Amino acid sequence: MQVGDIETRSFGIEHLDGAVHLSREAGWPHRRQDWEVALHLSQGVVALDETGKVAGTALMTPFGDGCATINMVIVDTGLRGRGVGRRLMDQVLSLGGERPLRLIATSDGLPLYEKLGFGKTGTIFQHQGVAAKVPMPDQTETAAGTDIAQITAIDREAFGADRSALIAKLAEIGEFAVIRRNGKIAGFACIRTFGRGEVVGPVVAADIEDARALVAHFISRRTGAFLRVDTGDARLASWLAEHSLAHAGGGVAMARPIKDRPAASLFKTFALANQALG
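Residues numbered from 1 in each chain as written. Predicted model: local features only at pLDDT ≥ 70, side-chain atom pairs only at ≥ 80, totals over all residues. Heavy atoms only, no water.

(A) Broad picture of the overall build of the chain. Helix and strand counts for the chain stand at eight helices and 13 strands. For 278 residues, the compact-globule estimate of 2.2 N^0.38 gives 19 Å, and the C-alpha radius of gyration of the chain, at 19 Å, lies within 12% of that figure. For the chain, the residues scored as buried account for 53% of the 278 residues in total. Counting only contacts in the chain whose residues sit at least 6 apart along the sequence, the fraction spanning at least 24 positions is 73%. Accessible area of the chain: about 12200 Å², with a carbon and sulfur share of 50%. For the chain, the distance from the average site of its 31 positive side-chain charges to the average site of its 31 negative ones is 2 Å. (Helix = DSSP H or I, 4+ residues; strand = E, 2+ residues; numbered from the N terminus. Rg over C-alpha atoms; globule rule 2.2 N^0.38 Å. Buried < 20%, exposed > 50% of the residue type's maximum accessible area, 1.4 Å probe, protein only. Contact = heavy atoms within 4.5 Å. Areas by Shrake-Rupley, 256 points an atom, 1.4 Å probe, with all protein chains shown as cover. Lys, Arg positive; Asp, Glu negative; His and termini not counted. Charge placed at Lys NZ, Arg CZ, Asp CG, Glu CD.)

Now the structure itself:
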């Protein structure tokens, strides 16, 4: 196939089945429902070969005007190294406008992202496995629907951008747990069906002890289930490995431009919604 035969178009729902096939060929666990969630929150670009088959994808997920993530960047194995990824990235970056951009890079994509001006901001550790029995933490509880507004505000403080659309979608398809102190939410975590089982994230807390308790809230209630957690915190990664969720890969957190996290924030994001959505 010649690269000149590749056409790029806006990503629409008619491309979902092809995107699922492409991601499965790449070894990614995403189901059609996972792609639907990502597309619901995003704008994107697809590359189509001369037969109309999806040969590449890239999404831009905006979080207000303050930030966007670039995600689901996949190119058919037969077309890699031939400029298709660069074409997709050029177009999806333009969708982000003037927003600061973040992404999680695989080793294959790292050189391209560096050429496009992204710099490393951290390391993401992916942990997954069959949940072993762990004690139920005393300080956590299932969130109520009335908690979503406060969860959204805490997430905005920790993430540095407005992810209200993401939090609302997660509330629709998943379940939140919270820690309360003095009548206020002091941390939260979410779980939802994803890939081979369920993914825990985001996890937002003031310290590592609360983060572990929030993850344990879900592990303790799902003994024998397949769980995944994507974290940028090495302490949480070590704890996950000790509690049956083995290290299974990860990526490099990158940003353009590189900005320091606001020092005034009381909260930190200990685990991502997943590597795509941040």
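(B) Representation of the environment of Gly160. For Gly160, the position within the fold is in the loop between helix H5 (148–159) and helix H6 (164–173). Its relative accessible area of 45% is what places Gly160 among the partly exposed residues. Put simply, Gly160 and Gly64 are 96 residues apart on the chain and 11 Å apart in space, counted from C-alpha to C-alpha.

(C) Quick look at unusual backbone geometry. Residue Pro202 follows Gly201 across a cis peptide bond; omega there is 5°. Along the polypeptide, Pro202 turns up in strand E10 (residues 197–205). The peptide bond linking Arg256 to Pro257 adopts the cis configuration, its omega dihedral lying at -5°. Mapped onto the fold, Pro257 is located in the loop between strand E12 (246–256) and strand E13 (268–271). Despite not being glycine, Asn182 shows a phi value in the positive range, around 55°. Inspection of the secondary structure assignment puts Asn182 in the loop between strand E8 (175–181) and strand E9 (184–194). In this structure, Ser244 is a non-glycine residue whose phi angle is positive, near 80°.

(D) Region of interest: the packing of helix H1 (residues 16–25) against helix H2 (residues 32–40). For the pair H1 and H2, interaxial distance at closest approach is 9 Å and the crossing angle is 115°. The crossing of H1 and H2 is right-handed. Residues Leu16, Asp17, Ala19, Val20 and Ser23 of H1 form the contact with H2, whose participating residues are Arg32, Trp35, Glu36 and Leu39. (Axes fitted to C-alpha atoms, helices over the stretch in contact; angles between N-to-C directions. Left-handed = near helix turned anticlockwise from the far one by under 90°.)

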